[in-house]
Amino acid sequence: MIEVRNLTKRFASQLAVVDVSLHVGRGETLVLLGTSGCGKTTTLKMINRLIEPTSGFVRVDGVDVRQQPGADLRRRIGYVIQDGGLFPHYTVADAIATVPKLLGWAPADTQQRTLELIAKLQLPETALKRFPAELSGGQRQRVGLARALAARPPVVLMDEPFGALDPFTRRHVRRELFGLSELKETTVVLVTHDVGEALELADRIALMHQGRIVQIGPPDDLLNRPANGFVRDFLDL
Ligand SMILES: Nc1ncnc2c1ncn2[C@@H]1O[C@H](COP(=O)(O)OP(=O)(O)OP(=O)(O)O)[C@@H](O)[C@H]1O
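Because the structure is a prediction, the values reported are computed rather than measured. (Residues numbered from 1 in each chain as written. Predicted model: local features only at pLDDT ≥ 70, side-chain atom pairs only at ≥ 80, totals over all residues. Heavy atoms only, no water.)

**Looking at the site of the ligand**
Then, in step 1: The local shell around the ligand consists of Phe 11, Gln 14, Ala 16, Thr 35, Ser 36, Gly 37, Cys 38, Gly 39, Lys 40, Thr 41 and Thr 42.
Then, in step 2: At a separation of 3.0 Å, an oxygen atom of the ligand approaches a polar backbone atom of Gly 39.
Then, in step 3: When isolated, the ligand has an accessible area of 630 Å², and the protein chains bury 59% of it.
Then, in step 4: Elements that contribute at least two residues to the shell around the ligand include exactly strand 2 (14-24) and helix 1 (40-47).
Then, in step 5: Among the elements that take part in the shell around the ligand, helix 1 stands out by supplying three residues, more than any other.
Then, in step 6: Tallied by class, the residues present in the shell around the ligand amount to three nonpolar, seven polar and one charged. (Near = heavy atom within 4 Å. Polar contact = N/O pair within 3.5 Å; in protein donor to acceptor, adjacent residues only side chain to side chain. Areas by Shrake-Rupley, 256 points an atom, 1.4 Å probe, with all protein chains shown as cover. Helix = DSSP H or I, 4+ residues; strand = E, 2+ residues; numbered from the N terminus. Nonpolar A, V, L, I, M, F, W, Y, C, P; charged D, E, K, R; others polar.)

Right under this line is the structure:
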């Protein structure tokens with residue numbers, strides 16, 4: 001589904017990502033894990049072209065992302081960031097309708113999908129008219145996810161999606177969201193520095209350090225067969 005080949009990103013003299021290659025299968029959840037500044041976000045943003053690579057390429061469903069028109073890419077790749085990334089002057093309904101509108105959906109279809117999503121995410125219908133400042137952190141997070149899932153993208157990228165939440169709410173929202181059947185069918189790449197979160201959510205983990213992947217594999221592989229001392233230290237084994 002997603003193929004990343006030899007991706008490198010240099011910002012002036014800073015090498016942020018160095019020769020990263022990986023693939024993510026359809027319906028799989030891959031977690032990019034690592035310390036602050038190791039290149040996780042830069043890698044994620046090269047998948048949806050928010051950042052252009054210095055070298056290497058990304059294919060989604062066999063097509064190079066550079067060859068896909070922007071609207072196509074946004075329909076196919078949902079994006080969730082910390083705290084939902086909502087515009088302060090958009091109501092919840094406006095936020096969820098963003099991509100369907102961009103794709104020219106009929107208003108009735110958008111409304112039906114919006115109602116379906118807020119029911120699935122257990123947001124009250126009265127929230128539709130509210131602005132982000134009138135919601136709790138957990139609600140904002142769920143709205144961010146509803147917005148990303150609205151047009152049923154086959155791929156969703158998530159950057160520290162639970163980062164703004166307290167540990168209790170974080171666990172709760174995480175379980176709720178990843179329990180959704182919608183997400184089970186979706187190919188997800190999720191960035192976190194939280195080991196527990198990675199072990200809970202990942203089908204496979206790519207552990208990064210200084211721009212490179214140190215080890216990639218199912219959580220059990222990293223736990224039982226850490227590639228080196230860094231992996232052992234990071235996972236506190
Ligand atoms: N636009 C930019 N210009 C210059 N340097 C950048 C830019 N964006 C990122 N960097 C640098 O590239 C490196 C990787 O950053 P990146 O945001 O990908 O790390 P990260 O692993 O996602 O970190 P965090 O968990 O703190 O968000 C860092 O050293 C960062 O300072």
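**Details of the sheet that holds strand 2**
Then, in step 1: An order of 2-1-4-5 is seen for the four strands of this open sheet, with the pairing classed as antiparallel. Each having just a single partner strand, strand 2 and strand 5 (63-64) make up the two edges of the open sheet.
Then, in step 2: Bridging between strand 4 (residues 55-60) and strand 5 involves two bridges; their strand directions are antiparallel. Opposite Val 60, over in strand 5, you have Val 63 as the bridge partner.
Then, in step 3: Where helix 1 meets the sheet, its contacts fall on strand 1 (2-11), strand 2 and strand 4, and the angle it forms with strand 1 comes to roughly 120°. (Pairing = 2+ DSSP bridges. Contact = heavy atoms within 4.5 Å. Axes fitted to C-alpha atoms, helices over the stretch in contact; angles between N-to-C directions.)

**Structural notes on empty space enclosed by the protein**
Then, in step 1: By the definition in use, this model includes one cavity of 30 Å³ or more.
Then, in step 2: Considering the residues around the largest cavity, the lining is formed by Met 46, Arg 49, Ile 51, Glu 52, Pro 53, Phe 57, Val 58, Asp 64, Val 65 and Arg 66.
Then, in step 3: By residue class, the composition of the lining of the largest cavity is six nonpolar, no polar and four charged. (1 Å grid on protein atoms, 1.4 Å probe; cavity = no way out; pocket = protein on both sides within 12 Å on 5 of 7 lines; lining within 4 Å. Points joined across faces, edges and corners; volume = space filled by probe spheres on them.)

**Points about the layout of surface pockets**
Then, in step 1: Volume-wise, the largest pocket comes out at about 560 Å³.
Then, in step 2: Taken together, 21 residues line the largest pocket, and the ones lying closest to its centre are Asn 48, Arg 74, Ile 77, Tyr 79 and Val 99.
Then, in step 3: Listing elements by their share of the lining of the largest pocket, those giving two or more residues are helix 2 (70-76), strand 6 (77-81), helix 4 (98-102) and helix 6 (137-149).
Then, in step 4: Classifying every residue of the lining of the largest pocket by side-chain character gives eleven nonpolar, six polar and four charged.
Then, in step 5: When its volume is computed, the second largest pocket comes out at roughly 280 Å³.
Then, in step 6: Lining of the second largest pocket is provided by 13 residues; of these, Ala 93, Thr 110, Gln 111, Thr 114 and Leu 128 occupy positions nearest its centre.
Then, in step 7: In terms of residue count, helix 5 (residues 107-120) provides more of the lining of the second largest pocket than any other element does, five residues in total.
Then, in step 8: Residue classes in the lining of the second largest pocket are distributed as seven nonpolar, three polar and three charged.

**With respect to the UniProt feature "domain: ABC transporter" (unreviewed entry) in the protein**
Then, in step 1: As recorded in UniProt, the feature "domain: ABC transporter" (unreviewed entry) lies at residues 2-235.
Then, in step 2: Within the segment residues 2-235, helix and strand shares are 37% and 27% respectively, and the terminal C-alpha atoms sit 26 Å apart. (UniProt positions renumbered as here; feature names shortened; annotations may be inferred.)

**Comments concerning the sheet that holds strand 9 (residues 204-209)**
Then, in step 1: The strand order across the open sheet formed by six strands is 6-7-8-3-9-10, and the pairing between neighbours is mixed. Strands at the two margins of the open sheet, each flanked by one partner only, are strand 6 and strand 10 (212-217). Direction aside, neighbouring strands of the sheet carry axes that sit 15° apart on average.
Then, in step 2: The pairing of strand 3 (residues 29-34) with strand 8 (residues 187-192) spans five bridges and is classified as parallel. Bridged to Leu 32 within strand 8 is Val 191.

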